[in-house]
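# Architecture and fold: a report
For reference, the chains in residue letters:
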Amino acid sequence: MSQLTLIRAGNPVRRFVPALCLLLSAAVSSAAVAQTADRGTWRIYYEPSRDRVQLSFEHYEDGARRHGNTSFGLRPTELRGLPLSQLSSYSGPARFQLVRDAGTFNFEGQLRDGHGTGFYTFAPDSRFPQQLASRGYERPTADQQFWLALHNVGYAMLDELRTQGYERPSVNQLVVMGMHGANLDYMKSLSAAGYRVGSTRRLVALRDHGVSREFIGGLTDAGYRGLSLDDLQQLRDHGVTPDFIAALRRFGFTGLTTDQLLTARDHGVTESFIEDFRDLGYTNVSLREFVRMRDHGVTPGFAREMKASYGRLASVEDLVRRRDHGDY
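Criteria and cut-off values
Residues numbered from 1 in each chain as written. Predicted model: local features only at pLDDT ≥ 70, side-chain atom pairs only at ≥ 80, totals over all residues. Heavy atoms only, no water. Phe/Tyr/Trp six-rings, centres within 6.5 Å; stacked < 30°, edge-to-face > 60°. Helix = DSSP H or I, 4+ residues; strand = E, 2+ residues; numbered from the N terminus. Buried < 20%, exposed > 50% of the residue type's maximum accessible area, 1.4 Å probe, protein only. Core = buried A, V, L, I, M, F, W, Y, C linked by side-chain atoms within 4.5 Å. Contact = heavy atoms within 4.5 Å. Arc of directions from axis to C-beta. Salt bridge = Lys/Arg side-chain N within 4 Å of Asp/Glu carboxyl O. Axes fitted to C-alpha atoms, helices over the stretch in contact; angles between N-to-C directions. Parallel < 35°, antiparallel > 145°, perpendicular 65-115°, else oblique. Left-handed = near helix turned anticlockwise from the far one by under 90°. Nonpolar A, V, L, I, M, F, W, Y, C, P; charged D, E, K, R; others polar. 1 Å grid on protein atoms, 1.4 Å probe; cavity = no way out; pocket = protein on both sides within 12 Å on 5 of 7 lines; lining within 4 Å. Points joined across faces, edges and corners; volume = space filled by probe spheres on them.

Looking now at the packing of aromatic side chains. Following the criterion strictly, the structure yields 19 aromatic pairs and no others. A ring pair is formed by Phe253 and Phe290, whose centres lie 6.2 Å apart and whose planes are at 85°; its orientation type is edge-to-face. Of this pair, Phe253 sits in the loop between helix H12 (242-250) and helix H13 (258-266) while Phe290 is found in helix H15 (residues 287-295), placing the two residues 37 residues apart along the sequence. The class of Phe290 is buried, set by a relative accessible area of 0%. Taking the centre distance of 5.1 Å and the plane angle of 65° together, the rings of Phe273 and Phe277 count as edge-to-face.

Below you can see the structure in the form of C-alpha cells.
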C-alpha cells in the first residue's frame, strides 16, 4: 500500500490518546527528520457542513518551539492520502501529505472521527529556488521556503502579481504577504471587485484592516460604488459596515455621504441610541441632532426624566441646554 494512504492497523484503535507524542516518537523515522530541520506537531479538525478542514501547526526548530502556532482552513481534497470517507469516520494511525510549490509537508499521527494530531516534517522542493530566480526573485533561504510553503505562496501567486502589475516584492515581503493572508485568493477577490492595488505593502494593509470582497460588495449593494481604497479602509477602520448603513436606513436616514456616516459612527450614534429616542416620541429628529445630543451627553434616560418632570417632550435644544447646565 502507498505510504500516502492511511495505515490500517490490525486491531482498530479504540481510544484517542491526547499525549500522542509518547506513542509516535518511534514512528517518525530518523531519515525523515534528517531531511529537514523543519518539524513540529499538527492538529486537524474536519467540518463536514462546510467541506473544510482546519489544520494547525506548532513549529519547532532544534527542539525549541518556534513562532508559536499557525492555523488555516483548506479543502479536504488538498490532503493527499487522506480520503474524505476516512477523514470523517476512520479511527487509527494515518499518514498523509500537503503538497505546495515550495515543498511538501509529511504528516504522521492519529485520527479519530474527523479529529487528529501528530508530527509533521517539511521537505523543501529543490526546484523552487531556481523557479523563483527565473521569475526575477532572489533565491529563498531555507526558512523563507518553509514559510512560503506553509502559506501557499507559489507560482500562481507570483504570476498573478505580474499579471496585475504589482511591483516585484522581495522574497521576505512574499513571506509577510503569506503570513497576513494577502494571498492569491485575496488578490483575485479584490480584482473581481474592481480593484488592483499595485503595491504589495498596501495589499497587506488592506487585508489587515479587513477590507474584503464581502465588505466591498456590501457597500456596493448599499449604493456606495466606486469608492477609493482610502475610503474603503477608513470606513472599515471606523466601523461603518453595511449593517450600520442598513440600521440608519431603517430610521429613514438615506442618501448619506461617507462623511455623514463616519460622523455618526464616530460620535456613537448607534441603532439602539436612535431607537430609544424614537420610543420616547422623538420621531422627527435629524441625524445631525442625534450627533449633537450624543456629543452633549443627552441620553434617552435623561430625556425620559425630563419628560416625566415636565409632562411633555423637551425639544432637542432644551435637552442640550439643560444637560450642559448640569440639570439632573
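After that view of the structure, there is still more to cover.
The biggest cluster of nonpolar side chains holds 88 residues, and the ones touching the most others in it are Ile44 and Phe105. Tallying contributions element by element places helix H5 (residues 142-150) first for this core, with 5 residues. Not counting residues up to four positions away in its chain, the partners in contact with Ile44 are Val53, Gln54, Leu55, Leu79, Leu82, Leu87, Phe96, Leu111, Gly114, His115 and Gly116.

Count 3.6 residues to each turn of an α-helix, and residues three or four apart come out pointing the same way. The complete set of buried residues in H12 reads Phe244, Ile245, Ala247 and Leu248. The buried residues of H12 occupy an angular sector of 160° when projected down its axis, which confines them to one face. With respect to the buried face of H12, the exposed residues turned more than 90 degrees away are Asp243 and Arg250. Of the residues flanking the end of H12, it is Gly252, one or two places downstream, whose phi is positive at about 90°.

A word on the pattern of salt bridges. If charged atoms from side chains of opposite charge come close, those side chains can pair. Considering all chains together, one arrives at 12 salt bridges under this definition. Between Glu271 and Arg250 there is a salt bridge whose closest N-O contact spans 2.8 Å. Of this pair, Glu271 sits in helix H14 (residues 271-280) while Arg250 sits in helix H12, and the two are 21 residues apart along the sequence. Under the relative-accessibility criterion, Glu271 is labelled partly exposed at 35%.

Once that is clear, we can look at unusual backbone geometry. Even without being glycine, Asp51 reaches a positive phi, approximately 50°. Among the structural elements, Asp51 can be located in the loop between strand S1 (39-47) and strand S2 (52-61). We classify Asp51 as partly exposed; its relative accessible area is 41%. Despite not being glycine, Asn152 shows a phi value in the positive range, around 55°.

This brings us to the packing of H15 against helix H17 (residues 316-324). The N-to-C vectors of H15 and H17 enclose an angle of 15°; their axes lie 10 Å apart at closest approach. Taken together, H15 and H17 sit at an angle that is classed as roughly parallel. By crossing handedness, the relation of H15 to H17 is classed as left-handed. Along the contact surface, H15 presents Glu289, Arg292 and Met293, while H17 presents Val316, Glu317, Leu319 and Val320. Class assignment of the residues belonging to the contact of H15 with H17 gives a composition of 4 nonpolar, no polar and 3 charged.

Time to look at the layout of surface pockets. If you add up the space inside the largest pocket, you get close to 960 Å³. Along its surface, the largest pocket is lined by 32 residues, and Gly73, His151, Asn152, Asn183 and Asp185 are the ones closest to its centre. Breaking the lining of the largest pocket down by element, the ones donating at least two residues are strand S3 (64-74), helix H6 (155-163), helix H8 (184-192) and helix H10 (213-221). Per-element tally for the lining of the largest pocket: the top contributor is S3, with 5 residues. Grouping the constituent residues of the lining of the largest pocket by class yields 9 nonpolar, 12 polar and 11 charged.

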